[in-house]
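# Commentary on secondary and tertiary structure
So you can see what is in the structure, the chains are spelled out below.
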Amino acid sequence: MTDLSEQAGDAARRPLTLLLRAAITRGDFPERLPADDELAATYDVPRAVVRDALTALSDVGILTRTRGMGTLPTDDRPASFHLLSMPAEGGVPQYSMHPRVIDIATVPTPEMVAARLPTAGAEVLRVEYVSAPDEQITGVSTGFFVLPKAEPLRTADFGDNVYSFLAAAGLAVSATDFVIGAITAGDSLALRLRTRASSAVLFLEHTIYDEAGDPLGFSVVAMRGDRLAVFSHAHG
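Let us look at the structure shown here. Since the structure is predicted, the reported quantities are computational estimates derived from the model, not experimental observations.

The rules behind each value
Residues numbered from 1 in each chain as written. Predicted model: local features only at pLDDT ≥ 70, side-chain atom pairs only at ≥ 80, totals over all residues. Heavy atoms only, no water. Helix = DSSP H or I, 4+ residues; strand = E, 2+ residues; numbered from the N terminus. Buried < 20%, exposed > 50% of the residue type's maximum accessible area, 1.4 Å probe, protein only. Pairing = 2+ DSSP bridges. Core = buried A, V, L, I, M, F, W, Y, C linked by side-chain atoms within 4.5 Å. Contact = heavy atoms within 4.5 Å. Salt bridge = Lys/Arg side-chain N within 4 Å of Asp/Glu carboxyl O.

### Overview of unusual backbone geometry
A cis amide bond, omega 5°, links Leu147 with the succeeding residue Pro148. Locating Pro148 in the fold gives a position in the loop between strand S6 (139-146) and helix H5 (162-168). Even without being a glycine, Asp44 presents a positive backbone phi close to 55°. Mapped onto the elements, Asp44 comes out in the loop between helix H2 (36-43) and helix H3 (47-59). Overall, Asp44 belongs to the exposed group, its relative accessible area being 52%. Even without glycine at this site, Ser198 takes up a positive phi of about 80°. Its location among the elements puts Ser198 in the loop between helix H6 (187-193) and strand S8 (200-209).

### A few points about the pairing of S8
The buried fraction of S8 amounts to 8 of the 10 residues, a majority that puts the element mostly inside the structure. Here 10 bridges tie strand S7 (residues 175-184) to S8, and the two strands are oriented antiparallel to one another. Counted as the bridge partner of Ile183 is Val201 from S8. Two strands pair when backbone bridges link them, and S8 and strand S9 (residues 215-224) are joined in this way by 9 bridges, in the antiparallel orientation. Following the sheet pairing, Phe203 is matched in S9 by Ala222.

### With respect to the nonpolar core
Nonpolar side chains tend to gather and get buried jointly when the protein is soluble and globular. Core analysis: the biggest nonpolar cluster contains 65 residues, and Leu20, Leu153 and Leu189 have the highest contact counts within it. Considering every element that reaches this core, the biggest residue donor is helix H1 (residues 8-25), with 7 residues. Residues within four places of Leu153 in sequence aside, it is in contact with Ile104, Leu125, Phe145, Phe165, Leu166, Ala169 and Leu171.

### Quick notes on the pattern of salt bridges
On inspection of all chains with the given rule, the structure shows 11 salt bridges. The salt bridge partner of Asp28 is Arg116, with a shortest N-O separation of 2.9 Å. On the criterion of sequence distance, the pair formed by Asp28 in the loop between H1 and H2 and Arg116 in helix H4 (residues 111-116) is long-range, its members being 88 residues apart. Asp36 is paired through a salt bridge with Arg65; the nearest N and O atoms lie 2.9 Å apart. Of this pair, Asp36 sits in helix H2 while Arg65 sits in strand S1 (residues 63-66); the two residues are 29 residues apart in sequence, bridging distant segments of the chain. Taking relative accessible area as the criterion, Asp36 reaches 10% and is therefore assigned buried. Salt bridges linked by common partners bring Asp36, Asp37, Arg47 and Arg65 together as one network.

### Things to note about the environment of Val49
In this fold, Val49 is placed in helix H3. For Val49, a relative accessible area of 8% puts it in the buried group. Considering only alpha carbons, one finds Val49 and Gly9, 40 residues apart in sequence, at a separation of 7.4 Å. Non-local contacts of Val49, meaning those with residues more than four positions away in its chain, are made with Ala12, Arg13 and Leu16.

Take a look at the structure:
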């Protein structure tokens, strides 16, 4: 079986870089990002990981870091838009992400995730998986789910996609929202996707709502465009 592991440092830098990118793109930091020490405490990672993530975002033009001024978002941020709202009640979508779960763990709720999951407490369930058809990585997802409601996910069979995962845990889904755009892969993400640094990849923010319409899960997903085809069918 192909080794799909990654270095521990990259495993920490990659999701933080994507979370900060999503927060900056959505305008969570309109003027200035928090200090490195504050970000390290908020996201429960070493300061060196924060520094590496911010450097990666600086290298692709998302922000600037200037001594004495701090870390500032630039005007050269990618546009993002709400592309799709997909009702999911009454069935599980039939498609396969060829998932391979990397880690399931309880973690402190990141500030950016708390803003997307307003019912989340101090901790959330983090689920990381890669999509690997034919043993070739096409994407990586870091998802956060509200506890204690998502507790059954710890032992549920993932199945073909995140919806089958939730169904196996007895969790109903009423709707799903996506924000889809394109980003430039930094070093840690490029290593995870087995592609070149600075390659263009698809970037998704994925929110899943429970049967009451409350946000249940939020994920950041990066996918290689050269290994992905998307088909959409809509009807009135």
